[in-house]
Amino acid sequence: MLAEAYRGKAILLTGGTGFLGTALVEKMLRSLPEIGRLYLLIRASREKSAASRFEKDVLGSAAFSRLREERGEDFESYVSEKVRVLEGDVHAPSLGLKVEDLSELSREVDVVIHAAASVVFDAPLDAAMGSNVRGTLGLLRLARDWEKRPLFVHVSTAYVSGTRGGLVREVPPGDESPNGMTLDPREEIPNLEAVVREEELASRERSLLNRFETEARRELGMVGEEGEVAERADQLRRAWMRERLVERGTERARELGWHDVYTFTKSLAERMVLREQGEIPLVIVRPAIIESSFAEPHPGWIQGSRMVDPIIMAFAKGILREFPINPESLVEIVPVDHVVNATLAAAARRPDEPEVFQVASGERNPLRFRELYDQVREYFLKNPLRDSGGRPILIPEWSFPGRRA
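Visitor: Can you help me understand helix H6 (residues 99-108) in this one?
Guide: Count 3.6 residues to each turn of an α-helix, and residues three or four apart come out pointing the same way. Considered for burial, the residues of H6 that qualify are Asp101, Leu102, Glu104, Leu105 and Ser106. Against the buried residues of H6 lie strand S1 (10-14), strand S2 (37-42), strand S3 (83-87) and helix H7 (125-143).

Visitor: Can you help me understand the nonpolar core in this one?
Guide: Considering soluble globular proteins, one finds that nonpolar side chains tend to be buried as a cluster. Core analysis: the largest hydrophobic core is formed by 46 residues, its most contacted members being Leu13, Met28, Phe64 and Ile113. A per-element tally of this core places helix H2 (residues 19-31) first, with 7 residues. Residues contacting leucine 13, with those up to four places away along its chain left out, are Gly21, Leu24, Val25, Met28, Leu38, Tyr39, Leu40, Leu41, Ile113 and Ala115.

Visitor: Looking at this structure, I do not really get the packing of H2 against helix H13 (residues 336-346). What am I missing?
Guide: Packed helix pairs are specified by the crossing angle of their axes together with the interaxial distance, meaning the distance between the axes. Interhelical geometry of H2 versus H13 gives an angle of 65 degrees and a closest axis separation of 9 Å. Handedness of the H2/H13 crossing: right-handed. Touching Phe19, Leu20, Ala23, Leu24, Lys27 and Met28 of H2 are Val336, Val339, Val340, Asn341, Thr343 and Leu344, all from H13. Partitioning the contact of H2 with H13 into residue classes produces 9 nonpolar, 2 polar and 1 charged.

Visitor: Quick question: what am I supposed to make of the sheet that holds strand S5 (residues 151-155) here?
Guide: Hydrogen bonds along the backbone pair up the strands of a sheet, which may run parallel or antiparallel. Strands sit in the order S3-S2-S1-S4-S5-S6-S9 across an open sheet of 7 strands; the sheet is parallel. At either end of the open sheet lies a strand with only one pairing partner, and these are S3 and strand S9 (355-359). Strand after strand, the sheet turns through a mean of 20 degrees between neighbouring axes, direction not considered. Pairing geometry for S1 and S2, over 5 bridges, is parallel. Within S2, the position partnered with isoleucine 11 by the bridge is leucine 38.

Visitor: Honestly, the side chain of glutamate 355 in this entry has me stumped. Any pointers?
Guide: Take glutamate 355: it is sitting in strand S9. A relative accessible area of 18% means that glutamate 355 is categorised as buried. Side chain to side chain, glutamate 355 and arginine 349 meet in a polar contact 2.6 Å long.

Visitor: Explain the pattern of salt bridges to me, please; I cannot follow it from the model alone.
Guide: Two side chains that carry opposite charge are able to pair once their charged atoms sit near each other. Applying the stated criterion to the full structure yields 37 salt bridges. Between arginine 217 and glutamate 226 there is a salt bridge, with the nearest N and O atoms lying 3.0 Å from each other. When its relative accessible area of 53% is taken as the criterion, glutamate 226 is described as exposed. Note that arginine 391 and aspartate 387 form a salt bridge whose closest N and O atoms lie 3.2 Å from each other. Arginine 391 sits in the exposed class, given a relative accessible area of 52%.

Reading the values: the criteria
- Residues numbered from 1 in each chain as written.
- Predicted model: local features only at pLDDT ≥ 70, side-chain atom pairs only at ≥ 80, totals over all residues.
- Heavy atoms only, no water.
- Buried < 20%, exposed > 50% of the residue type's maximum accessible area, 1.4 Å probe, protein only.
- Helix = DSSP H or I, 4+ residues; strand = E, 2+ residues; numbered from the N terminus.
- Contact = heavy atoms within 4.5 Å.
- Core = buried A, V, L, I, M, F, W, Y, C linked by side-chain atoms within 4.5 Å.
- Axes fitted to C-alpha atoms, helices over the stretch in contact; angles between N-to-C directions.
- Left-handed = near helix turned anticlockwise from the far one by under 90°.
- Nonpolar A, V, L, I, M, F, W, Y, C, P; charged D, E, K, R; others polar.
- Pairing = 2+ DSSP bridges.
- Polar contact = N/O pair within 3.5 Å; in protein donor to acceptor, adjacent residues only side chain to side chain.
- Salt bridge = Lys/Arg side-chain N within 4 Å of Asp/Glu carboxyl O.

This is how it looks when you write it as structure tokens:
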């Protein structure tokens, strides 16, 4: 049993305040009561400390209603006994932690689950690289020197295969990009960092700086003081640079056969952890599009708005009148609790060689887009949303005209 496999074990989790991370924390505290300690690396925000973020953003989630009910008055003491919040940052040197905290992690941690990531498809290249590549490598390089040589579980994505067609096996990536080009991540990463530096320098060219200053003065008018003008001009410069880095990152990703900078940088991270794992065991978990829960902590639990939800709500509000997709195409969505269970099952192992696990349903239990549409339409026919006047909103009927139309 997994409960026995985790008895007395200590786990370090990153990304614990996110959707998947919150579900992982809840599941571990509820279903693995014999766990030794759960360390959560949480970054402080401008308004909240790491401890406050854990209290409000994680424990304050509806995901914990079941555990609160089961534990009753014992809930707070149980959580404080099992969880230790570390205020740090996966992007910072040594995670931004104190020496004594790092020493404790080195002595105690049996499993590292790295779930922190930037999941924005059109993120600027520097942000995507920092979160998905540099942050991952920084954590791995620390963990591989810890006393217990912990298992490193890297949560990736099922879409690292990019535009590659045909059979794509559940194996670590090779030396090629999805479109067959040779790709050495140790060369690619410095090249991408050079692109970031290039755009930084370009943003400071005199002609551009003059343009940003002129625009800032026009926006602020006669009331703008020199300091305010300079600050606004620099905001415009950074916005220009951000737009350029979005373009450059997407351009390079598509050149190599990925759809976007997110899947591109997640694949680079996979390739680098395989090269730098050292003597610690490694597991890569690749979920598809993570959506609301099937059963745990309760059916339909979700946090925020995920990938499919905006489409469903636009349909329910009568805004999305048609959709250009093949109705027989697969919709690779997977319930968050299935991803949690798969991750914890994978993390109970210590493989001699790196292992990869896809968490997706298309092969064994495919969901076609037409099925999703039929179920959503049936639901909103019975339970329509209401307009501002309280009248039921009529939902459209899609004909699926195809992309060409």
